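Chain by chain, the residues:
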Amino acid sequence: MDASTPSFRAQCFINGAWVNADSGATLAVNNPATGEIIGHVPDMGANETRRAIEAAAAAFPLWRDTPVAQRAQILRRMGQLMLEEQERLARIMTIEQGKPLAESRGEIAYGASYFDWFADESRRIYGDIIPGPADRRLFVIQQPIGVVGAITPWNFPNAMLARKMAAALAAGCTMVAKPSELTPFSALELADLATRAGVPAGVFNIVTTNDAAVVGGELTHHPLVRKITFTGSTAVGRLLLEQASEHIQKCSMELGGNAPLIVFEDADLDRAVAGAMATKYRNAGQVCIAANRFLAHASIADKFAEKLAAASAALKVGDGLKDGVAIGPLISPAAVEKVERHIADAVAHGARLLSGGARHALGGTFFQPTVLTNVSADSLICHEETFGPVAPIMTFQTEEEALRLANATPFGLASYFYSTDIARVFRVAERLETGMVGVNETAISTAIAPFGGVKYSGLGREGSRYGVEEYLEKKYICLGGMKSSDDMK
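What you are looking at is a predicted structure, and each value in this text was computed from that prediction instead of being measured.

Enquirer: Before we move on, can you summarise the overall build of the protein with the specific residues and values?
Expert: From N to C terminus, the protein includes 15 helices and 22 strands. Computed over the C-alpha atoms, the radius of gyration of the protein is 24 Å, within 12% of the 23 Å expected from 2.2 N^0.38 for a compact globule of 489 residues. Dimensions of the protein along its principal axes, counting C-alpha atoms only, are 85 × 60 × 40 Å. For the protein, buried positions account for 55% of its 489 residues. Here the analysis covers contacts within the protein between residues at least 6 apart in sequence; of these, 73% occur between residues at least 24 apart. Carbon and sulfur atoms make up 54% of the accessible area of the protein, which amounts to about 19,300 Å² in all.

Structure below.
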């Protein structure tokens, strides 16, 4: 690495202090583009996690009672610091995660937007007055739930934590976060910025580990933790839900996806191709809301596939720090093997390879952007989340068939479709079984709108005015003895 390489924090953050694992154990973090070890972080366990939880519990009364205007000021400052440090944070992310530097810069800005948004939302945590009997007054107030355990993934190591952290702190909660062991440095930087922004000791804590089961188990089994928020696979989410049942912890789960992208015969084809490129190849396809299945009307399927294949073949693959790179490496050898397995299975079911389809000449975990046509609905790629740069295209004849194919999955995070028929726009949007729908648009993620899915894709929503509600409890207060003086006579 050259002199422009940023430094990496080598300790975790508990109760306002940078600390090592009790055992002194560490875990290595690799650059997926080069395989080089870029640094080490503490490999912590149950004891350190317990101390972080206790620190968060001790800090909760102070943070809960901090005036809303002061909390909002701290959150806004947090977002400002992220933007001021955007280039450095982006370089850290690209080195540990692999995505192109331009995408990393965008993620930092996206993460910062949540602090700005929830700084304002903290001022809008309203209650209600309920009309009741003449001798009583009925009130509903909203209060922070308490200590939050947050578990975040490697594919968006800044933004996934930022939107949980911003909402939780806006509500008045405190947090213990466990980032992915593959990308811990971006999370640790947020702890540093939080201190600089004025977040008190104990309010935000980070524990890194190579044993997610131990740390996750401590978060779900500890009675002081009242809320679990998780982004990751459905399998892990299901396990966390089972564990959280012990203490009836409130849970938010942003889980796996299998997003369809439908191109109807009346679509603006160039716009559809541009949208498909944006949602399929961002972060090398390692995005929970990436289009995983493409459904094109038979009358335009060949033309759509040709345009998509040509655009895909023009993408530059390489180290995310280099100019012009559009697709970085996949996160691990296992990720490459999954992509290969999905392509081989699709071809075995009759699919035709239109472009790509193999590991890139760069070696390592680089993979060619790939387009498949004539894909069978029975293919593995249509039922599992690929998490790689592969666009499988199926065809359909009618709107009903398109909807049947799109909804033929237990997942329901996001979906997309392209059409210029306004009646169809509302009809299809309402019938797609997903928590989010992009119509003639695939850039749907924003701090001001609710993010989340249905079915096996999760519980709850992040972002928007709904996001802060995930960290609040409603309390009903009944005030009696309100008879008037005339009634007392």
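Additional details are given in the paragraphs that follow.
Enquirer: Any chance you could break down the pairing of strand E16 (residues 390–396) for me, citing the residues and the numbers?
Expert: E16 sits mainly inside the fold: 6 of its 7 residues count as buried. Looking at chain direction, strand E13 (residues 291–297) and E16 are connected through 4 bridges and run parallel. Its bridge partner being in E16, histidine 297 is matched across the sheet by phenylalanine 396. In this sheet, E16 lies alongside strand E15 (residues 370–373) in parallel orientation, the contact comprising 3 bridges. Paired with valine 371 across the strands is alanine 391, a residue of E16.

Enquirer: With reference to specific residues and values, describe the nonpolar core.
Expert: By size, the foremost hydrophobic cluster in this structure holds 128 residues, and its most contacted members are Met175, Phe204, Ile262, Ile289, Phe304 and Leu308. Ranked by the residues each element gives to this core, the list is headed by helix H5 (residues 159–171), at 11 residues. Apart from residues lying up to four places away in sequence, leucine 308 is in contact with Val273, Ala276, Met277, Val371, Ala391 and Ile393. Counting 21 residues, the second-largest nonpolar core is a separate cluster that includes Ala21, Val147, Leu219 and Cys251.

Enquirer: Before we move on, could you go through the layout of surface pockets and cite the residues and values that matter?
Expert: A volume near 1,000 Å³ is recorded for the largest pocket. The wall of the largest pocket is formed by 38 residues, among which Trp154, Phe230, Gly232, Ser233 and Val236 lie closest to the centre. Only helix H7 (212–221), strand E10 (225–231), helix H8 (234–244) and helix H11 (333–348) provide two or more residues apiece to the lining of the largest pocket. Of all the elements, H8 adds the most residues to the lining of the largest pocket, at 6 residues. Of the residues contributing to the lining of the largest pocket, the split by class is 18 nonpolar, 15 polar and 5 charged. Of the pockets and cavities examined, the second largest pocket occupies roughly 440 Å³. Lining the second largest pocket are 22 residues, and of these Phe156, Arg282, Ile289, Ala443 and Ser445 sit closest to its centre. Each residue belonging to the lining of the second largest pocket can be placed in one class, and the counts come to 12 nonpolar, 4 polar and 6 charged.

Enquirer: Would you mind going over the side chain of threonine 49 in detail, with residue names and values included?
Expert: Of note, threonine 49 is situated in helix H1 (residues 46–65). One polar contact links the side chain of threonine 49 to the main-chain carbonyl oxygen of glycine 45, over a distance of 2.7 Å.

Enquirer: Run through the sheet that holds E13, naming residues and quoting values.
Expert: Strand order in the open sheet formed by 7 strands is E14-E15-E16-E13-E12-E18-E19, with mixed pairing between adjacent strands. Taken across any chain shown, the strands that pair with only one partner, and hence form the sheet edges, are strand E14 (352–355) and strand E19 (436–439). The mean inter-strand angle of the sheet, taken between neighbouring strand axes irrespective of direction, is 25°. Packed on one face of the sheet, helix H9 (residues 269–281) meets strand E12 (259–263), E13, E15, E16 and strand E18 (414–418) and runs near 165° to E13.

Enquirer: Tell me about H5, and please be specific about residues and values.
Expert: Under the 1.5 Å per step criterion, the end-to-end length of H5 is 18 Å for 13 residues, consistent within 8% with the ideal 18 Å. Along H5, 13 of the 13 residues are buried, which leaves the element largely enclosed by surrounding structure. Positive backbone phi, approximately 100°, marks glycine 172, located one or two places after H5.

Enquirer: Could you give an account of empty space enclosed by the protein, with specific residues and numbers?
Expert: All chains considered together, the criterion is met by 3 cavities of 30 Å³ or more. Here the largest cavity is characterised by a volume of approximately 70 Å³. Lining the largest cavity are 15 residues, and of these Pro260, Thr409, Phe411, Gly412 and Thr434 lie nearest its centre. Secondary structure elements with two or more residues in the lining of the largest cavity: E12, helix H12 (399–407) and strand E17 (411–412). Tallied by class, the residues present in the lining of the largest cavity amount to 7 nonpolar, 5 polar and 3 charged.

Enquirer: Quick one: what's the story with the pattern of salt bridges, residue by residue and with numbers?
Expert: Tallied over the full model, the rule gives 28 salt bridges. The salt bridge involving arginine 77 is made with glutamate 84; its shortest N-O contact spans 3.0 Å. Residue class for arginine 77 comes out partly exposed when judged on its relative accessible area of 30%. By relative accessible area, glutamate 84 is classed as exposed at 55%. Taken together, the salt bridges that share partners define one network made up of Arg9, Glu85, Arg88, Glu189, Asp192 and Arg196.

Basis of the calculations
- Residues numbered from 1 in each chain as written.
- Predicted model: local features only at pLDDT ≥ 70, side-chain atom pairs only at ≥ 80, totals over all residues.
- Heavy atoms only, no water.
- Helix = DSSP H or I, 4+ residues; strand = E, 2+ residues; numbered from the N terminus.
- Rg over C-alpha atoms; globule rule 2.2 N^0.38 Å.
- Buried < 20%, exposed > 50% of the residue type's maximum accessible area, 1.4 Å probe, protein only.
- Contact = heavy atoms within 4.5 Å.
- Areas by Shrake-Rupley, 256 points an atom, 1.4 Å probe, with all protein chains shown as cover.
- Pairing = 2+ DSSP bridges.
- Core = buried A, V, L, I, M, F, W, Y, C linked by side-chain atoms within 4.5 Å.
- 1 Å grid on protein atoms, 1.4 Å probe; cavity = no way out; pocket = protein on both sides within 12 Å on 5 of 7 lines; lining within 4 Å.
- Points joined across faces, edges and corners; volume = space filled by probe spheres on them.
- Nonpolar A, V, L, I, M, F, W, Y, C, P; charged D, E, K, R; others polar.
- Polar contact = N/O pair within 3.5 Å; in protein donor to acceptor, adjacent residues only side chain to side chain.
- Axes fitted to C-alpha atoms, helices over the stretch in contact; angles between N-to-C directions.
- Expected span 1.5 Å × (residues − 1).
- Salt bridge = Lys/Arg side-chain N within 4 Å of Asp/Glu carboxyl O.

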